[in-house]
Amino acid sequence: MKPMQADFVIVGSGSAGAVMADRLSADGKHSVIVVEYGGTDIGPFIQMPAALSYPMNMSRYDWGYESEPEPHLGGRRLACPRGKVIGGSSSINGMVYVRGHARDYDNWDEQGAKGWAYKDVLPYFERMESSHGGQDGWRGTDGPLHVTRGPRKNPLYHAFVEAGQQAGFEMTEDYNGEKQEGFGPMEMTAWNGRRWSAANAYLKPALKRPNLTMVNGLARRVIFDGKRATGIEIARGSSIETITANREVILAASSLNSPKLLKLSGIGPADELGQHGIEVLADRPGVGANLQDHLELYIQQECTQPISLYSKLNLFSKGLIGLEWLLFKSGLGATNHFESAAFLRSKAGVEYPDIQYHFLPVAIRYDGKSPAKSHGFQAHVGPMRSKSRGTVTLRSADPNDAPVIQFNYMSHEEDWADFRHCIRLTRDIFGQDAFTPYRGREIAPGDDVTSDEALDNFIRSEVESAYHPSGTCRMGAADDPMAVVDPECRVIGVEGLRLADSSIFPRIPNGNLNGPSTMVGEKASDHILGKAPLPPSNKQPWINPRWETSDR
Ligand SMILES: Cc1cc2nc3c(=O)[nH]c(=O)nc-3n(C[C@H](O)[C@H](O)[C@H](O)COP(=O)(O)OP(=O)(O)OC[C@H]3O[C@@H](n4cnc5c(N)ncnc54)[C@H](O)[C@@H]3O)c2cc1C
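**Topic: unusual backbone geometry**
- Following alanine 444, the chain continues into proline 445 via a peptide bond in cis, with omega recorded as 0°.
- Looking at the secondary structure, you find proline 445 in the loop between β23 (439-444) and α11 (452-462).
- The backbone phi angle of arginine 152 is positive, close to 50°, even though this residue is not glycine.
- Structurally, arginine 152 can be placed in the loop between β6 (145-149) and α5 (155-166).
- Notably, methionine 410 is not glycine yet its phi reads approximately 60°, a positive angle.
- Of note, methionine 410 is situated in the loop between β22 (404-406) and α10 (413-430).

**Overview of helix α3 (residues 102-110)**
- Burial analysis of α3 places seven of its nine residues in the buried class, the great majority of the element.
- Taken residue by residue, α3 has Ala102, Asp104, Tyr105, Asp106, Asn107, Trp108 and Asp109 as its buried positions.

**Re the sheet that holds strand β5 (residues 129-131)**
- Spatially, three strands are ordered β5-β6-β8 in an open sheet, and the strand pairing comes out mixed. The sheet is open, and its two borders are formed by β5 and β8 (187-188), each paired with just one other strand.

**Quick look at the layout of surface pockets**
- Taken as a whole, the largest pocket encloses approximately 730 Å³ of empty space.
- Every residue lining the largest pocket is counted, 31 residues in all, and those nearest its centre are Ala50, Ala51, Ser53, Tyr54 and Lys318.
- Residue contributions to the lining of the largest pocket peak at four residues, all from helix α9 (residues 315-328).
- Roughly 280 Å³ of volume is contained in the second largest pocket.
- Around the second largest pocket, the lining comprises 17 residues; the ones closest to its centre are Asp354, Arg385, Lys387, Glu414 and Asp418.
- For the lining of the second largest pocket, the per-class residue count stands at five nonpolar, four polar and eight charged.

**Here we look at the pattern of salt bridges**
- For the coordinates displayed, the defined rule picks out 41 salt bridges.
- With a shortest N-O distance of 2.9 Å, arginine 149 and glutamate 187 are connected by a salt bridge. With arginine 149 in strand β6 and glutamate 187 in strand β8, this pair connects stretches of sequence that are 38 residues apart.
- Residue classification places glutamate 187 among the buried residues on the basis of a relative accessible area of 0%.
- Across the pair aspartate 452 and arginine 424 runs a salt bridge whose closest N-O atoms are separated by 2.8 Å.

Thresholds, definitions, all that
- Residues numbered from 1 in each chain as written.
- Predicted model: local features only at pLDDT ≥ 70, side-chain atom pairs only at ≥ 80, totals over all residues.
- Heavy atoms only, no water.
- Helix = DSSP H or I, 4+ residues; strand = E, 2+ residues; numbered from the N terminus.
- Buried < 20%, exposed > 50% of the residue type's maximum accessible area, 1.4 Å probe, protein only.
- Pairing = 2+ DSSP bridges.
- 1 Å grid on protein atoms, 1.4 Å probe; cavity = no way out; pocket = protein on both sides within 12 Å on 5 of 7 lines; lining within 4 Å.
- Points joined across faces, edges and corners; volume = space filled by probe spheres on them.
- Nonpolar A, V, L, I, M, F, W, Y, C, P; charged D, E, K, R; others polar.
- Salt bridge = Lys/Arg side-chain N within 4 Å of Asp/Glu carboxyl O.

Have a look at this one:
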């Protein structure tokens, strides 16, 4: 068999990896191999937006990870889905599109990720987007990633936004534009009725080029000659093979699998590697540290009018929705149903939003399990900047073993006060006049759950991951001992190896992470190709003039 080799060898075809596969192969000058363990994304479970709760529960598409027992959540193990399919997690996610707040990126820059401030990353968000309905002048209009808005036909979407206004909060027509703060329409990565994953947006068109090849296999480790990465070892079926990189190896295997791969390759905390008999190539204590996520609660209310999506949850209705989608790519199958949103500040003195709301006109869990037995509506709500931090460590030196994922959710005292506030704030919003024609009994937490203690019990037993693990290979200054990659995404301590995906975020951004991960793939591509970064933007984000004295 011909030995496999290319100029660039990328591991992972997800939100960041697919972008790099496209951008690095675009001018035809370099050969690129992208290695992906998952398979095809063909079929309605992935392509039909409304089917979003299926692929995250299917072992065919999901790595099937879960957290270790979480000590502050009564020892619960939380599901931690990750895409195992072309397009990675962008092929199994909820399709909600959020760039994050300008200040998130300024914070990255302050933490040592120089050149990743808002002014630096905004041009990359613009380059990647084709926005349909966003704020003029603030959004990209000819990038590969189509971003759309739902039709917002259900009156409950409007009741939510109106309730926010009645409660005295800001409105925003485009939280991905100048002003994140406020209530308004939510955006999604869906286009022409289909999920617009990184595979659909970037990978599949790029694979038509002769200089880009996809190889199906499990990357086991990076191979080095001294300190220089020269390729990767992969398992394909029962054989172990090598892929040689003439120029660079690039890891984009996600915040859970990228730190695992680094450690299996000898880059990580020396004591942990020693415990597993792995020879240390670079002692980097930051690999697998700094794990962050967003948690959320579902606050559910009965709806007194038969207008919620509850009547569409039976098999017959689902069949009709599926048929319309198959024939025309339209109807209730063509949306993720997250069509209204809010980004709020929890208190006076918080400069920019630290709470996110997703609103759904039905009472159901994200994973589609245990829907309420009546018409209802719900908010997914959670704080955005928890101080809790966790770790991703090795279970063993066997590449087939799942990593050990310990989030330490709710380990910071402020987490509890923040979540209690989120529940009470949601009750305030659902209690506004806009909901009077619809508001029934509170399903969850329940009208009698009011004391701090009762709320804490509800939080402990019900809080769920929003599926945003990140930060486990933090970007920072090359002389920062806890940084794993430098601001050009080079893995510190070795040569010829980069890492660019959701694991490099110094701190989790304000919103869902597909957009920021895609942006990382875009900007990293320019660094890898040695191109000058796009010229910085001089646009200034809207900051609430009352932020020091009011939460609204
Ligand atoms: C269920 C769910 C819902 C979500 N909802 C949203 C949402 O609505 N909006 C949003 O913005 N974000 C959402 N997210 C988060 C977002 O999708 C991810 O943060 C983002 O896709 C991460 O991108 P990534 O490039 O870091 O990794 P991924 O996209 O996960 O890509 C990693 C790729 O590497 C491959 N890989 C890993 N290890 C190996 C190996 N050893 N060998 C070969 N291949 C390997 C994987 O199979 C995968 O394809 C959700 C995530 C999940 C799981």
